[in-house]
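# Examining the three-dimensional arrangement
The chain contents come next:
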Amino acid sequence: MAVNPEKSDPQQLPRVPWFRKLAFDVTSSEWDILALSTAFKSLLFPAYRSTDFEVHRNWLAITHSLPISKWYYDTTSEWTLDYPPFFAYFEKVLSIPASLIDPRIVDLNNLNYSAWTVVAYQRTTVILTELLLAAVLLKFARGVPDPNTQRLISASLFLHPGFLIVDHIHFQYNGFLFGILLLSILQARQGNLLASGFFFAVLLNFKHIYMYLAPAYFVYLLRAFCMSPQGSVLPNKFFALANVVILVFIASLGPFLLMGQIPQLLSRLFPFTRGLNHAYWAPNAWAILTATDRVLLQYAKRFGASFSVDASGVSSSSRGLVGDTSFAVLPSIRPIHTFLITISLQMIFLIKLWRIPTYKSFLTALTLCGYTSFMFGWHVHEKAVLLVLVPLSLLAAENYAYFRTFVLASTAGVTSLFPLLFTPAEQVIQVAYSLLWAFVVFGPLQQRLYEFPRSLPAVIVGLLETTYLWGFLFLEIVVTLCPILAKVVTQNPERWEFLPLMLTSLYCAVGLIWAYARLSFLYITTK
Amino acid sequence: MDETESHILHQTPHRVPRIRTVSVPSQPTPRANGFLKPNRRPLSPVGPLLVPTDTYDSYPEILMPVPLRHRALQPSPDTWIRTPSPSSSRAISPSSPVTGVFPRGYHNYSSFGAIMEAEKETPLQEQGLGRRWLRWMHKNGLKHWVVPCTLLASAVVRWCIGLGSYSGQGTPPMFGDYEAQRHWMELTNHLPTRQWYTYDLQYWGLDYPPLTAYHSWLCGKIGSWIDPTWFALDTSRGIETPTSKLFMRSTVILSDYAIYLPAAWLFTRVWHAGRSRRTQNAALLTLLFQPALLLIDFGHFQYNSVMLGFTLLAATSFIKGRDLLGAFLFTLSLGFKQMSLYYAPAIGSYLIGKCLYLGPRDGARLFVRLAVVTAGTFILLFLPFLPPFSPISGVLDPITRIFPFNRGIFEDKVANFWCATNVVVKWKAWASQSALMRLSTLFTFIGFLGAAIAPIRAWLRLKNQDRTGVVPSVMQTVLLLALLNSSMSFFLFSFQVHEKTILLPLLPLTLLLSVAPHDSTTFKLGVLANNVGVFSMWPLLQRDGLSTQYIALTLLWNRLIGYDPFVALSHATYLDILTWMVYLGCALLHLMEIVFRPPARYPDLFPVLNVLLSMPIFFFTWLWSIKSIIEARWTAGGLSVGGPKDKKANSAFPTESPGGVSTALAPVEGVRNRREGRLRVQSLGYTAGKRQTYSRATSVVD
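Residues numbered from 1 in each chain as written. Chains lettered and ligands numbered in written order. Predicted model: local features only at pLDDT ≥ 70, side-chain atom pairs only at ≥ 80, totals over all residues. Heavy atoms only, no water.

So, about the overall build of chain B. Within chain B, the regular secondary structure consists of 28 helices and zero strands. Relative to its full complement of 702 residues, chain B shows a buried share of 56%. For chain B, restricting intrachain contacts to residue pairs at least 6 apart in sequence, the fraction spanning at least 24 positions comes to 76%. (Helix = DSSP H or I, 4+ residues; strand = E, 2+ residues; numbered from the N terminus. Buried < 20%, exposed > 50% of the residue type's maximum accessible area, 1.4 Å probe, protein only. Contact = heavy atoms within 4.5 Å.)

Structure below.
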């Protein structure tokens, strides 16, 4: 008597209730991460929120209560709409449920509205739209040779302290936007370059800061999609790509083109009236340069100037907090200089990418493009470091050298975001959370990827890097003690407020520049 | 059947594990496949394999040795580890369709990676976020960092809850519990001890025992050192600056980390000493993230975890055999909040039982020592209120403040017996206050009879066995159940109970469930009572503006411990069905609250419904604690004493003779009893699991 096992053994009958059969292609541990992060993020609802919260609320109001022709003209609030049209449409969609929940959210004149409804609603939209990021990261962990490592990297991105600080406390929609970016990268990994180009064009119309990455996309799509491996141009593919991109831009800008509002729109998107550095110096090359200038100026003041001092530079920013920086000693930097430096450095990587148009090469070149812009761009925000950290995370498991770069850049980058939150309660959270994240992400990856250093320089560099990483501990201690010391030692503590910020910025800049050099070297020397 | 089994037997050696790299679901391939050779002789020495022709008639005969399907493709992937016999006698070639691997429609389009992951999921015991995280940490060589990470994570979560609002935020003139605690810090710092319990009683007069006062004094001292305006006398009333809030929140977390966390950590290491490190850490996670305690202490704002921590430390000391230390710690707990009197019957009876167990000489000595330690600790705590530091009447101020017998039988809506039955019987109209007080005392007394008797009986029964230094492991269960029983009966029946008091019964219940198997009643009921406990505090939490935290923490904790009440109907027990109905009720009530406004005639409609839904669960838990404590008592001494049934069994099988020698007829239980006396490595969950077989064995003997 032979038995059909599926029928005979009652133990093997499905013991799951009907709703369990609706399971997606998601494992329990992945649900765990989602549950954990959602629960944790919803605990942050009452946390500090920056003016960006009001900015986005105002955009909800603008898109809901004004006709599309007035979106880019409205100046009721000082927080005017300065994102591209797709983001405006996105806000329009979000404003519909908002108006049902509480009509006062979308009231244009109801400035600085901070009732529980608007807080809960806007915070919830961040969590919900971030599900796109979750879904894309999930797809990243599928169909790869080492799913465990990839899953770890995906989880590390989903739980990234950068997103926690910038999105869930400070308030922005980066999780959602990086979801689109990663979707585009995922399409590139799977070989759907047309889709990749499409999603990147969409992303550009959500937030134009992603133009930092555009050169890499341009070169890669041109070389890998529009040309055959032998180098001949494939016109069909080229026109397909061009059409897709043009269609996306028409969908976005079309209405404004018809209304003739493009110049107004552009003036909103690209306000070229800002200084070299942001109020808080982003940890890039200019931070180091500005600091050098300050040191030289102090030197000149104390010991007599042996070089010419620019008067406007002296008055401009002795405190290091002022937005518009002009140098007192060093030659001043104009936007064109930063632009030229950025482009010429990017060219090196783009030529490499042109030669090796593979996915891995593309990913590295993409990271480096963003990295170069972050390092040498005009008026870079510290939040832009996410543009570096996110694609770099995808490279972390490549080998130990990449992993080490990732560790340095992530540690420095996340630490450089800390000054974004200045309320003590949130500072505790960001430090503790980042520590936990670093521990759980770096530890296992280090175990998987560790390689013994093979030469003396490698040993020395490794030691220096480790010392640098431990230095963050002291940095945090010093930064914490600074306000207390200033209160005890000096008469006017406000004068010293800049010091912890400057220290953080400089220390992180050192790490980020070193990681940049490392990554460039790795990329250029790869065969 | 025989054939099947013989096939299985003979086939087994030929089952060479082979990895099949077929994606799932694979398409049925045409029959004309190279692997199917109808006329080949079987390699098996026994004979051709038979194929069920009724369902698989498309395959005439497959005459091949059966390759083992990949584990991930086995039917019921979670059972492969438990069943040594092959699950199928049907010959399977690599090309045969792989249907029915997973339940239909389940994982229909799963990727191979997802299936591999699903395969790794071991049954019930291993489920839950906490368990999976622990396994991941162990696999990645972070084993020794589990506890530091847990501590850090729990600190972050506690801190994040603290971002929210607290009891009485922005509600002058009286504010709430937060202001009460802050006010005590203020008055203990500025007034002489004599006035602590007498100063302006109308505005949050101090009504907790002296240890709370000392704790407030310490916190106030540190706070005044940082910023004196936070605790300036009278002028600081209702101060709500962000920094003062930050300081107050951090005092709760620091107190919690000073007392409750070490207590929870010690509990897992001492009580579950025989269990694996992972189980211990999973228990730690269960304790640290218990939502009711988190919400009340770090959201609403109180210091319950200090009181609970002292009690837990005391219980751990008792289990370690350090009775004097335990008595000291429990007195501290009493000295922090009088509420821990709810535990007193259980602990008192445990200690009396221990004295009796030790015999006249040792027992009397222990008794005297305990009395001295307890009295000494109390005197120490009340020292500033006693002569020569204050007149003899001075001690009466704290006493009258701590025990306010002049309030009603219940104040707010609380899910206890009196409030729930008040819907039918209007107690306050029906009887005078003093009569009600007497009645409630009587009910409470009857309620904790089990807790008062069981430990003594259990100790007495253990008396027959040869004594060792260690406390028999069965006393662990008895002690916890006694704590549960006595605190729950106080909660249900005593006078003047607050809804937050549910934390007291929830502590022993959570301790019990922390290592219980997921399909045991202890676990199911424990989690149900915990969830309903949080639910019963919903009106309070909603008032405090903690609704988001309420949802997030409850769901997180349930996910963390891997609680899953929704089993298939065919496998559901009565408890499961009750659980569903309760959760349905909770969900409906929440929904109604959103949709409808309560009618003007019954403004308290929703709180009352909440009470009516929660109270039966607590009542049921109380009944269960009585039943379990009786069962646990049986395990203490075998079948020697008990009801008439057991007496008969006793006469038939004298399992325990004074010298510990069993008769020839002694059943297995006798052996087990003696082992229990010595091997204290068996911990709670183990005993609880065994208990079922044990009671079954009893009926067999009968």
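Residues and elements named next belong to chain B. Between P172 and P173 the backbone carries a cis peptide bond, its omega angle lying at 5°. Topologically, P173 is positioned in the loop between α4 (146-162) and α5 (177-190). Phi at F175 takes a positive value of approximately 55°, unusual for a residue other than glycine. Its place among the elements puts F175 in the loop between α4 and α5. Positive phi outside glycine occurs at D234, with the angle close to 65°.

In this section: the UniProt feature "transmembrane region" (unreviewed entry) in chain A. Residues and elements named next belong to chain A. In the UniProt entry, the feature "transmembrane region" (unreviewed entry) is given for residues 238-258, 361-381, 401-421, 428-447, 467-486 and 498-517. Its end C-alpha atoms 27 Å apart, residues 361-381 is made of 76% helix and 0% strand. Secondary structure within residues 467-486 divides into 100% helix and 0% strand; the distance between the first and last C-alpha atoms comes to 27 Å. (UniProt positions renumbered as here; feature names shortened; annotations may be inferred.)

Counting all residues, the mean pLDDT for chain B is 76, and 71% of those residues have values of 70 or more. Segment residues 74-108 of chain B: pLDDT under 50, and 74 contacts once partners within four positions in sequence are set aside and those in other chains are kept. (pLDDT = per-residue confidence, 0-100.)

Glancing now at the pattern of salt bridges. Tallying each qualifying case throughout the model produces 22 salt bridges over all chains. Note that A:D32 and B:R559 form a salt bridge whose closest N and O atoms lie 2.7 Å from each other. Note that A:D32 is positioned in helix α2 (residues 28-43) and B:R559 in helix α23 (residues 547-561), a pairing that runs across two chains. For A:D32, a relative accessible area of 5% corresponds to the buried category. Salt-bridge contacts for B:R194 lead to B:D397; the nearest nitrogen and oxygen are separated by 3.1 Å. One end of the pair, B:R194, is in the loop between α5 and α6 (210-226); the other, B:D397, is in helix α14 (residues 396-402), and 203 residues separate them in sequence. Relative accessible area serves as the criterion here: at 34%, B:R194 is assigned to the partly exposed category. Through salt bridges with shared partners, a single network forms among A:E30, A:R142 and A:R151. (Salt bridge = Lys/Arg side-chain N within 4 Å of Asp/Glu carboxyl O.)

Bringing helix α16 (residues 335-355) of chain A into the picture now. All names here are of chain A. With 21 residues, α16 extends 30 Å between its outermost C-alpha atoms, agreeing within 8% with the 30 Å of an ideal straight helix rising 1.5 Å per residue. Remark: the principal bend of α16, roughly 25°, maps to M347. Turning to α16, its buried residues number three or more, namely T338, T342, Q346, F349, L350, K352 and L353. The secondary structure elements touched by the buried residues of α16 are α11 (214-225), α14 (285-303), α17 (359-376) and α22 (498-525). (Expected span 1.5 Å × (residues − 1). Bend = angle between axes of the 7 residues up to and from the residue.)

So, about the packing of helix α7 (residues 147-158) of chain A against helix α20 (residues 424-449) of chain A. All names here are of chain A. Running from N to C, α7 and α20 point in directions that differ by 160°, and their axes come no closer than 11 Å. Accordingly, the angle class assigned to the pair α7 and α20 is roughly antiparallel. At the point where α7 passes α20, the crossing takes the left-handed sense. Contacts between α7 and α20 involve N148, T149, L152 and S156 from the first element and W437, V440, V441, P444, L445 and R448 from the second. Looking at side-chain class alone, the contact of α7 with α20 contains six nonpolar, three polar and one charged residues. (Axes fitted to C-alpha atoms, helices over the stretch in contact; angles between N-to-C directions. Parallel < 35°, antiparallel > 145°, perpendicular 65-115°, else oblique. Left-handed = near helix turned anticlockwise from the far one by under 90°. Nonpolar A, V, L, I, M, F, W, Y, C, P; charged D, E, K, R; others polar.)

Attention shifts here to the packing of aromatic side chains. Residue and element names in this part refer to chain A. The tally for this structure, following the rule as stated, stands at 69 aromatic pairs over all chains. Pairing Y83 with F87 gives two aromatic rings, centres 4.8 Å apart and planes at 75°, and the pair type is edge-to-face. Judged by its relative accessible area of 0%, F87 falls in the buried class. Centre to centre, the rings of F90 and F206 are 6.0 Å apart; their planes meet at 75°, and the pair counts as edge-to-face. Of this pair, F90 sits in helix α4 (residues 85-101) while F206 sits in helix α10 (residues 193-206); the two residues are 116 residues apart in sequence, bridging distant segments of the chain. (Phe/Tyr/Trp six-rings, centres within 6.5 Å; stacked < 30°, edge-to-face > 60°.)

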